[in-house]
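What follows is the residue order along each chain.
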Amino acid sequence: MRPMEEGRSAAFSYIHFLGTGGARFTMISQIRATGGIWLSYDGFNFSIDPGPGALVRMKELYPHHDPATLNGLLLSHRHIDHSNDVNVLTLAMTGGGRQKNGTVILPEDAITGNEPILFRFLRSKVAHLTTWEDGKAIALPGKASVEGVRLIHHGVDCFGFVFRHPSMPTWGLVSDTRMHESLAHRFRECELLVVNVTFEKPRPEIDHLSISDVECLLDELHPRMLVLTHLGRGLSEADPRALESRLSTARTSVIMACDGMVVELSDLSLKEPAITASAKKGDDCP
Ligand SMILES: [Zn+2]
Ligand SMILES: [Zn+2]
């Protein structure tokens, strides 16, 4: 890994893993941090699945992030480990609710029903409030787009994403889902695949992916890099180097994400996480 460089241009594009813990018990114990991903993409900033702590992690980790510079929030589904900080970040993106600004893309059931995820008073502050549709590409600021991919996850509307940009590798995020037969096909273009993997062994009664499912995906897909994140308690304690060498193939480097890790999108290189003194011990990659 190379250290993060200072003074990069606005067009520097990268994924910053604010938190890599997933599901309820990892979240409430904070064995791994939660907070989702900060995405800087061709000069525009996005929060993806801002679970608990996203706002704090933006200020705590290096590179620091100013939530007031967010251009958009992308929410895969309504579960609290993905959505807890969506309102505070929408407030930041809209200048404390004083300026109509930004894009929020979320599933339909995150704004309908008895427990809407995005508060009503904030919706009118968002310049572009959009809901995912399976297979529909949505333009992002600049030259990028994101396509929603419908997933299967405990009866809620849930979507993965495929990001495309004319001068960068296509990359995708497989959010929480059970394995299904078209999953690999829908992410076939991705040179980088970030996959939410919760369990080591399959648990058919639970709609989350396991390491065994990742092995099945790698029989069909050959991205240059596959990053495991949203890790459950058991996987959080696994030996990352052993798991990576077991899963990696001649064509795919498998990486177990750690809190604070950065992937540069232009060349899919990894950067060491850098943390402030106030960050939790253990956040750095082994
Ligand atoms: Zn989750
Ligand atoms: Zn979920």
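What comes next is a walk through the structure.

Backbone torsion omega between Tyr62 and Pro63 reads 0°, so that peptide bond is classified as cis. Tracing the sequence through the fold places Pro63 in the loop between strand 4 (61–62) and strand 5 (72–74). One non-glycine residue, Leu268, lies in the positive phi region at around 55°. Secondary-structure assignment places Leu268 in the loop between strand 16 (262–264) and strand 17 (269–271). Classification of Leu268 by C-beta neighbours within 10 Å gives partly exposed; the count is 19.

Here the focus is the pairing of strand 1 (residues 14–17). By the bridge criterion, four bridges tie strand 1 to strand 2 (residues 37–41) in an arrangement that is antiparallel. Considered in strand 2, the bridge of Phe17 is made with Ile37. Examined bridge by bridge, strand 1 and strand 16 share three bridges and lie antiparallel to one another. Residue pairing across strands places Ile15 opposite Val263, the latter belonging to strand 16.

Here we come to the sheet that holds strand 17. Strand order in this open sheet of eight strands is 7-6-5-3-2-1-16-17, and the pairing throughout is mixed. With partners counted over all chains shown, the strands left at the sheet margins are strand 7 (126–131) and strand 17, one partner each. The average undirected angle you get between the axes of adjacent strands in this sheet is 20°. Sheet contacts for helix 4 (residues 86–93): strand 3 (44–48), strand 5, strand 6 (101–106) and strand 7; angle to strand 5, the most-contacted strand, approximately 160°.

Turning to the environment of Arg224, a few remarks are in order. Mapped onto the elements of the fold, Arg224 is located in the loop between helix 7 (211–220) and strand 14 (225–229). You can call Arg224 partly exposed: it has 15 C-beta atoms within 10 Å. Note: C-alpha distance between Arg224 and Thr249 (25 residues apart in sequence) is 9.7 Å. The contact partners of Arg224, leaving out residues within four places of it in the chain, are Glu191, Leu192, Thr252, Ser253 and Leu268.

Cut-offs used in this document
Residues numbered from 1 in each chain as written. Chains lettered and ligands numbered in written order. Predicted model: local features only at pLDDT ≥ 70, side-chain atom pairs only at ≥ 80, totals over all residues. Helix = DSSP H or I, 4+ residues; strand = E, 2+ residues; numbered from the N terminus. Buried ≥ 20, exposed ≤ 12 C-beta atoms within 10 Å, placed from the backbone. Pairing = 2+ DSSP bridges. Axes fitted to C-alpha atoms, helices over the stretch in contact; angles between N-to-C directions. Contact = placed C-beta atoms within 7 Å.

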